[in-house]
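Descriptive analysis of the structure
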Amino acid sequence: MAWLRRLPPFLPLKDAERESILPFCSLREFGEGETLIREGDPNNSNVYFILSGGVSVYVKDKFILTLRRPGDIFGEMSLVSDEHRSATVKTDAPTRCLMISSALSMDEEESPQAWRLRYLFTRMFSNIMAEKLRITSDRAKMYEDAILQTKRVKAHSTDLEGQVALNLRQIRLYSFLVDSARDAILMIGLDGTIERVNPAFETLFSIPPGEVTGRGYRDLIIPSRGVTWDDISEQVDKGGWSGEAVFAGKTIIPVDCSIFLIHDAERKKIAYSVFLTDIRQRKTYENHILQQREALTKANEELKKMDRLKDQFMTLVSHELRTPITSILAAMEMMTMGLVDDEAQKAEFLGMVWQDAQRLARLVDKVMAISKLESNQMHLDFETGQLDEQLKYQAGLFRDKVADKPVVIRVSTPPATRPTRFDQKWIREVFHQVMENAVNFTEKGEILLELTQPPGISRIIIRDTGEGIHEEHMDNLFNKFEKMASTRYQEQGIGLGLPLSFLIVKAHQGKIAIRSKIGRGTEVSITLPDQPSEDS
């Protein structure tokens, strides 16, 4: 690991990043005159880093350049381009190289490891390019000074021109590397303006280079939330910054962004290099995973809610079933064993059995009705009738139940009411349920049943002066198994009356609403259309 850390192209990488590259590396030794890469050979997909010795590069048997410095790179560039480009490379002396296989998949759906390796190699190549540009800049300056000096310098101009030509070839080589990269690369001046972009920029963002050169890069690249350009600038000065951002061009495109400083030979800042990788596909995948997680969370909450409802149902229903069944069995056992001889007692016991059996039947009817209404399997028998008659019937039915309390039941209807269409059995069940609650929770005062008929609808209001409902219970009144607690009224039922009423009114294309204040009573408003659609 130590020798890899000292190799110049790997210097900018962290130890963990170098370790991720090591599995793809091997040390190779070659003798003088060996051909390491043959031009046009599609089977050699390796990249070599020189450790010692040197090689010469030829294109169509023409000498191009010599590479001798530790860390100099040559080989197939399929790491950053899916186009095959190569030259012939031969050793000039016994040579030791670090060889890395670049045969990475170039499919659109690559593994995260392949993306990471390409990202790391791109960073190394960026460092190499910056170093080569710096060297070339220094040597070009020397050449320019030499032209203006003495004849002695002119005598050596040929050597300098050759060196410049060599450096220019290297510049072209690394320029080709930048131009063939699949990621967008921007060269940014110290004033923050874009000076140059590579061809991949236009491919990724569909923007010609001429439309962005000269513009400020901060107008186009927006870092992710919580990150400011001041934070980024501070990190870039320390060695570089990488993170998520969006490119605000013709469309908003999420990108992975990396920014590095480019220095000259004197470590003076001369420019910035910015690398942008399109991560739309990755973001789509992440959003899909997030949506699935949210859906699973919601489904889990629903399952928990259903489990709670099941427990409530089992507890409440078992109580409601056990009480009348126990009473029925006790009465039938006494009569079967001959313990009841008196006919009046028998009639009384049979009446008790009849009442408990009716109670059980009503409970089963409610459960079955709610199940059918929730699954849209309930058939409603719409008939033309008078809603005021239904209200008067309920008022008469419950007057006997409040005879021992200072409670008055009144009915208010128009002088002449319109006939409407409704299912008389189930609307009667709604009125009965609301009236039963009003009677049970009203100890004194008045219960008013009021009917009004604006155009096209009938509005029924049942208002009492009872104890009212606590605000925290209001949102759950139409949920199954939710019961209105009272300190003065012994709770009965299993909390199905109001949910059943809600579903019945909804099946009539109507609405039901409840308003209440503690100590001031409760008002239930039911709105029904005069002519509901029987197909809905």
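This structure is a prediction, so every number in the text was calculated from the model and none was measured.

1. Overview of the overall build of the protein chain
Helices and strands together make up the secondary structure of the protein chain, namely twelve helices and 21 strands. If you take every contact in the protein chain between residues at least 6 apart in sequence, the share linking residues at least 24 apart comes to 65%. For the protein chain, the exposed area adds up to about 30300 Å²; of that, 52% sits on carbon and sulfur atoms.

2. Observations concerning the pattern of salt bridges
A complete count under the given rule lists 14 salt bridges for this structure. For Glu 244, the salt bridge identified is with Lys 283, shortest N-O distance 2.8 Å. Here Glu 244 is found in strand S12 (residues 241-248), whereas its partner Lys 283 is found in helix H8 (residues 280-336), with 39 residues between them in sequence. For Lys 283, a relative accessible area of 22% gives the class partly exposed. Between Asp 530 and Arg 418 there is a salt bridge, and its shortest N-O distance comes to 2.6 Å. With Asp 530 in the segment after strand S21 (521-529) and Arg 418 in the loop between strand S16 (407-412) and strand S17 (420-422), this pair connects stretches of sequence that are 112 residues apart. The buried category is assigned to Asp 530, whose relative accessible area is 9%. It is possible to trace a salt-bridge network through shared partners that takes in Glu 244, Asp 256, Arg 282, Lys 283 and Glu 286.

3. Regarding the pairing of S12
Of the pairings in the sheet, the one linking strand S11 (residues 221-223) to S12 comprises three bridges and is antiparallel in character. Along S12, the bridge assignment pairs Pro 223 with Ala 245. Taking the residues between adjacent antiparallel strands as the criterion, S12 and strand S13 (residues 252-263) are bridged by three residues.

4. Focus on the nonpolar core
Inside soluble globular proteins, nonpolar side chains tend to come together where they are buried. Ranked by size, the top nonpolar core spans 39 residues in total, and within it Leu 387, Ile 409, Phe 431, Met 435, Ile 447, Ile 460 and Ile 526 carry the most contacts. For this core, the element with the most residues is helix H11 (residues 424-440), which contributes eight residues. Setting aside residues no more than four positions away along its own chain, Met 435 makes contact with Gln 394, Phe 398, Ile 409, Ile 447, Leu 449 and Ile 462. Membership of the second largest hydrophobic core comes to 27 residues, among which are Phe 201, Ile 221, Ile 259 and Leu 276.

5. Here's the deal with the packing of H11 against helix H12 (residues 497-507)
At their nearest, the axes of H11 and H12 sit 9 Å apart, and the two run at 145 degrees to each other. For the pair H11 and H12, the sense of crossing is left-handed. Contacts between H11 and H12 pair Trp 426, Ile 427, Glu 429, Val 430, Gln 433 and Asn 437 from the former with Gly 497, Leu 498, Leu 500, Ser 501, Ile 504 and Val 505 from the latter. When its residues are assigned to classes, the contact of H11 with H12 shows seven nonpolar, four polar and one charged.

6. Some remarks on a nonpolar patch on the surface
There is a patch of nonpolar side chains on the surface, built from Met 334, Met 337 and Leu 339 and spanning about 300 Å² of accessible area. Within the fold, Met 337 resides in the loop between H8 and helix H9 (343-374). Residue classification places Met 337 among the exposed residues on the basis of a relative accessible area of 55%.

7. Some points on the environment of Val 430
Examined against the element boundaries, Val 430 turns out to sit in helix H11. Here the alpha-carbon distance between Val 430 and Phe 502, two residues 72 residues apart in the chain, equals 8.3 Å.

8. Brief notes about the sheet that holds S13
Read from one edge to the other, the open sheet built from six strands follows the order S10-S9-S14-S13-S12-S11, with strand pairing classed as antiparallel. With one partner strand each, in any of the chains shown, strand S10 (194-197) and S11 form the two edges of the open sheet. Taken over all neighbouring pairs, the strand axes of this sheet differ in orientation by 35 degrees on average, direction set aside. Direction of pairing for strand S9 (residues 184-188) relative to S10: antiparallel, over a ladder of three bridges. Bridge pairing in S10 places Leu 186 opposite Val 197. Sheet strands in contact with helix H7 (residues 229-237) are S11, S12, S13 and strand S14 (269-278), and its direction is about 40 degrees off that of S13.

9. Thoughts on the sheet that holds strand S19 (residues 457-464)
The five strands lie next to each other as S16-S18-S19-S21-S20, forming an open sheet whose pairing is mixed. In this open sheet, the two strands that pair with only one neighbour each are S16 and strand S20 (511-517). Across the sheet, the axes of successive neighbouring strands diverge by a mean angle of 10 degrees, strand direction being ignored. Relative to S19, strand S18 (residues 445-452) runs antiparallel, the two being bridged by six bridges. Residue pairing across strands places Ile 447 opposite Asp 464, the latter belonging to S19.

10. Some words on the packing of aromatic side chains
When we look at a pair of aromatic rings, we describe it by the centre distance and by the angle of the planes. Applying the stated rule across the entire model yields eight aromatic pairs. A ring pair is formed by Tyr 58 and Phe 63, whose centres lie 5.9 Å apart and whose planes are at 75 degrees; its orientation type is edge-to-face. With a relative accessible area of 25%, Tyr 58 lands in the partly exposed category. Seen in terms of ring centroids, Phe 201 and Phe 247 are 5.5 Å apart; in terms of plane orientation they differ by 80 degrees. Their pairing is edge-to-face. Taken as a pair, Phe 201 in helix H6 (residues 199-205) and Phe 247 in strand S12 lie far apart in primary sequence, 46 residues in all. Judged by its relative accessible area of 1%, Phe 247 falls in the buried class. Aromatic ring contacts, followed pair by pair, group Phe 30, Tyr 48 and Phe 74 into a single cluster.

11. With respect to unusual backbone geometry
Its identity is not glycine, yet Lys 60 carries a phi of approximately 55 degrees, on the positive side. One non-glycine residue, Gln 509, lies in positive phi territory at about 60 degrees.

12. Some details on the confidence of the model for the protein chain
Mean pLDDT for the protein chain: 80, with 83% of residues reaching 70 or above. Confidence drops under pLDDT 50 across residues 484-493; counting only partners more than four residues distant or on other chains, this segment forms 19 contacts.

What counts and what doesn't
- One numbering rule holds for all chains: residues counted from 1, following each sequence as written.
- Owing to the predicted nature of the model, reporting of local features is limited to residues with pLDDT of at least 70; listing and counting of side-chain atom pairs is limited to 80 or more, with chain, interface and lining totals taken over all residues.
- In computing side-chain values, all of the structure's heavy atoms are included and hydrogens and water are not.
- Where helices and strands are cited, they refer to DSSP runs of H or I of at least four residues and of E of at least two residues respectively, numbered from the N terminus.
- Whether two residues are in contact is decided by their heavy atoms, any of which lying within 4.5 Å being enough.
- Shrake-Rupley sampling with a 1.4 Å probe provides the accessible areas, and residues are treated as covered by the protein chains on show and by no other component.
- Definition used for salt bridges: Asp or Glu carboxyl oxygen within 4 Å of a side-chain nitrogen of Lys or Arg.
- Burial classes: relative accessible area under 20% of the type maximum marks a residue as buried, over 50% as exposed, and values in between as partly exposed (1.4 Å probe, protein chains only).
- Two strands pair if DSSP finds at least two bridges between them.
- Buried Ala, Val, Leu, Ile, Met, Phe, Trp, Tyr and Cys residues form a nonpolar core when they are joined through side-chain atoms within 4.5 Å.
- Each axis is a line fitted through C-alpha atoms, taken for helices only over the stretch in contact, and angles between the N-to-C directions span 0 to 180 degrees.
- Crossing handedness follows the turn of the near helix against the far one: under a right angle anticlockwise gives a left-handed crossing, and clockwise gives a right-handed one.
- Following the grouping adopted for this structure description, the nonpolar residues are Ala, Val, Leu, Ile, Met, Phe, Trp, Tyr, Cys and Pro, the charged ones are Asp, Glu, Lys and Arg, and the polar ones are all others, Gly among them.
- Patch members must show over 30% relative accessible area and no salt bridge, and they are joined within 9 Å when carrying like charges or within 5 Å when they are nonpolar side chains of Val, Leu, Ile, Met, Phe, Trp or Tyr.
- Centre distance within 6.5 Å is the pairing criterion for rings of Phe, Tyr and Trp, where only the six-membered ring of Trp is used; planes under 30 degrees apart are then read as stacked, over 60 as edge-to-face, and the remainder as tilted.
- What pLDDT reports is the predictor's confidence in each residue, on a scale of 0 through 100.

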